[in-house]
Amino acid sequence: MQTTFPTTLSSSFTHAEPKLEIRNIVKTFGVGKDAVTAVDNVSLKIAPNEFSCIVGPSGCGKSTLLSIAAGLTRATAGEILVDGTQVPGPGADRGMVFQHYTLFPWLSVADNVAFGLKIKGMPKAEQKHKVAYYLDIVGLSNQAKAYPKALSGGMKQRVAIARALANDPEVLLMDEPFGALDSQTKEQLQAFFHDLWAKTHITVLMITHDVEEAIFLSQRVFIMDRNGQIKKTIPINLPAHRELDMKLTADFLDYKREIVHLLR
Amino acid sequence: MTDSPRRYLKPSVFWSIRQGFPRWLQPILIAASLIVPVLIWSFLSYGGYVNPKFLPTPTEVISTGITMLGDGELMVDIFASLGRVMAGFIFAAIIGIPVGIAMGTFYSMDSLLGGFVRTARYMPIAAFVPLIIIWAGIDEVSKILIIFFGIVFYNATMIADAVKFIPNETLNVAYTLGANRLDLLRSVILPATLPNILDTLRVNIAGAWNFLVLSELIAAQNGLGFTIVRSQRYLQTDKAMFCIVVICVIGLATDFAFRLAFRLWLPWAESKMS
């Protein structure tokens, strides 16, 4: 099924039933006098097919928030809902891509992508088909039999993305997935991931401290401050089709200026 | 402000720390480390500086060894000792690996089993020999038990530590791909620790040979350790030394076998233990 998209998406999102809802999440570390509030009553609604980013200074609690959304960290208060239903822990409905140690080193590239499918008990033939499809999408069909140690950093992240997508998650959560890559590879992957998203329109919530990356990929950018609160939500009204050169346009730079100022 | 002189790292071949090491130097140094002790031994024994009853010459040890191998008794000793070491080692692996994985994986098991295991590791096994004889008698069982108790706690703690070194992200990514705890154990924790398990076993089989000699001090009728002790009684230092050489050779062979298995079976991993 091919969904048609308006050139600007952000306005339509606020009315749709959210795919992922983060409701009144609070996270405190420690107790009593030493207690630190990492996430302070954050509520977000991520619409189906939306690509959104949380940007914030390091240590602002954005990673903690994403980890709570994935079900990997328990919140002090609040709840996470997927398609309107509260979720008690991690599950295949919220796939995740991390910055480091993303692949299982003992599995070949193909077996890494098949990991979630095998756990689901998907028939072998179907697994093979799906793995081949997603390896083709990320352009790594020739590396199917290689072990992760033979891959470059960018290739590893592409495999990690293929593995997450092959599992058909409702939402894809990404924790600075391109943060450890050199700037050329990073831009390549941003463009690659934008095209991939344009094809699949999977719902994504990503964390980054790279402002340009956030604007380039998202329909909405959430600014998180050092108090662990969402300071502002900025809809990105840029054309749906984006190329790296767009980073140099006046509209793009206006967004960048606004966000950079908010982060200061 | 005083002008302090700039300091630079001087290049060095011999003292290089992770800055590359010439290929040709490695075999030379290894050879030296093996040849020098033999040279010292030869110098002392051939030169007549020590009583030959205490330190026989290398040629004497080798010719004694050949006769020992010829009359067949040494083969009986080798197989008896090998059997005991393998039995103790295998039981220590069968118990130690799952206990170690459980300790490394679950907080609860770490407290429940770890308290005992980590304490027992400091238990001097030699001090338990008299008790083990009382409990298990003087036949094979007590010898295997000594080897087993000597290494099982090391197996468990070393493997538990290996599990704890798996990065959190590796486990978290499995959770977000839909893995439950059993999937995590079977499909992530076990394969991730397999290289360390193999390395742990390789290191601890050396311990097994140590405890073998200890176990054969107890009313054994055969075995390499037994032969060493009996040779001492008759001042047959050449026999004792040849038995030690045999243990060394077996040790090197098992080490090599483990390394080979590691390379063939786990091509994705790198062994970090020497």
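Cut-off values and rules
Residues numbered from 1 in each chain as written. Chains lettered and ligands numbered in written order. Predicted model: local features only at pLDDT ≥ 70, side-chain atom pairs only at ≥ 80, totals over all residues. Heavy atoms only, no water. Helix = DSSP H or I, 4+ residues; strand = E, 2+ residues; numbered from the N terminus. Rg over C-alpha atoms; globule rule 2.2 N^0.38 Å. Buried < 20%, exposed > 50% of the residue type's maximum accessible area, 1.4 Å probe, protein only. Contact = heavy atoms within 4.5 Å. Areas by Shrake-Rupley, 256 points an atom, 1.4 Å probe, with all protein chains shown as cover. Lys, Arg positive; Asp, Glu negative; His and termini not counted. Charge placed at Lys NZ, Arg CZ, Asp CG, Glu CD. Pairing = 2+ DSSP bridges. UniProt positions renumbered as here; feature names shortened; annotations may be inferred. Salt bridge = Lys/Arg side-chain N within 4 Å of Asp/Glu carboxyl O. Phe/Tyr/Trp six-rings, centres within 6.5 Å; stacked < 30°, edge-to-face > 60°.

## Points about the overall build of chain A
Looking only at helices and strands, chain A has eight helices and ten strands in total. In terms of overall dimensions, chain A is globule-like: its C-alpha atoms have a radius of gyration of 18 Å, near the 18 Å expected for 264 residues. Judged by the C-alpha coordinates and their principal axes, chain A covers about 50 × 45 × 35 Å. By residue count, 51% of the 264 residues in chain A fall in the buried class. A separation threshold of at least 6 residues defines the contact pool for chain A, and within that pool the share at least 24 residues apart is 72%. For chain A, the computed accessible surface area is about 12200 Å², with 50% contributed by carbon and sulfur atoms. Side chains of chain A give 29 positive and 27 negative charges; the mean places of these two sets differ by 5 Å.

## Quick word on the sheet that holds strand 2 (residues 36–46) of chain A
Within a beta sheet, neighbouring strands are joined by backbone hydrogen bonds and run either parallel or antiparallel to one another. Residue and element names in this part refer to chain A. As summarised here, the arrangement of the four strands in space is 2-1-4-5, forming an open sheet in which the pairing is antiparallel. The sheet is open, and its two edges are formed by strand 2 and strand 5 (85–86), each paired on a single side. Relative to strand 2, strand 1 (residues 20–29) runs antiparallel, the two being bridged by seven bridges. Of the residues in strand 2, the one forming a bridge with Phe 29 is Val 36.

## A look at the UniProt feature "transmembrane region" (unreviewed entry) in chain B
All names here are of chain B. According to UniProt, the feature "transmembrane region" (unreviewed entry) maps to residues 24–44, 85–107, 119–138, 144–163 and 240–262 in the numbering used here. Within residues 85–107, the helical portion is 96% and the strand portion 0%, while the C-alpha atoms at the span's ends are 33 Å from each other. As annotated, residues 240–262 has a helix share of 100% and a strand share of 0%, and its two end C-alpha atoms lie 33 Å apart.

## Looking at the pattern of salt bridges
Residue and element names in this part refer to chain B. The final tally for this structure, using the stated rule, is 22 salt bridges over all chains. Its salt-bridge partner being Asp 110, residue Lys 164 comes within 3.2 Å of it at the nearest N-O pair. Of this pair, Lys 164 sits in helix 7 (residues 140–164) while Asp 110 sits in helix 4 (residues 107–112), and the two are 54 residues apart along the sequence. Owing to a relative accessible area of 22%, Asp 110 belongs among the partly exposed residues under this scheme.

## Focus: the packing of aromatic side chains
All names here are of chain A. Under the defined criterion, the tally for this structure stands at 13 aromatic pairs over all chains. The interplanar angle of 75° and the centroid separation of 5.9 Å between the aromatic rings of Phe 51 and Trp 197 together place this pair among those described as edge-to-face. Residue Phe 51 is found in strand 3 (residues 51–55), and its partner Trp 197 is found in helix 6 (residues 183–200); the two are separated by 146 residues along the sequence. Relative accessible area serves as the criterion here: at 0%, Phe 51 is assigned to the buried category. Ring geometry for Phe 178 against Phe 193: centres 6.2 Å apart, planes inclined by 70°, an arrangement best described as edge-to-face. Of this pair, Phe 178 sits in the loop between strand 7 (171–175) and helix 6 while Phe 193 sits in helix 6; the two residues are 15 residues apart in sequence, bridging distant segments of the chain. Relative accessible area serves as the criterion here: at 0%, Phe 178 is assigned to the buried category. An aromatic cluster is built from Phe 51, Phe 178, Phe 193 and Trp 197, whose rings are joined through pairwise contacts.

## Examining helix 2 (residues 62–70) of chain A
Residue and element names in this part refer to chain A. Counting buried positions along helix 2 gives eight out of nine residues, so the element sits mostly inside the fold. When helix 2 is considered as a whole, its buried residues turn out to be Lys 62, Thr 64, Leu 65, Leu 66, Ser 67, Ile 68, Ala 69 and Ala 70. After helix 2 finishes, the residue Gly 71 shows a positive phi value of roughly 90°.

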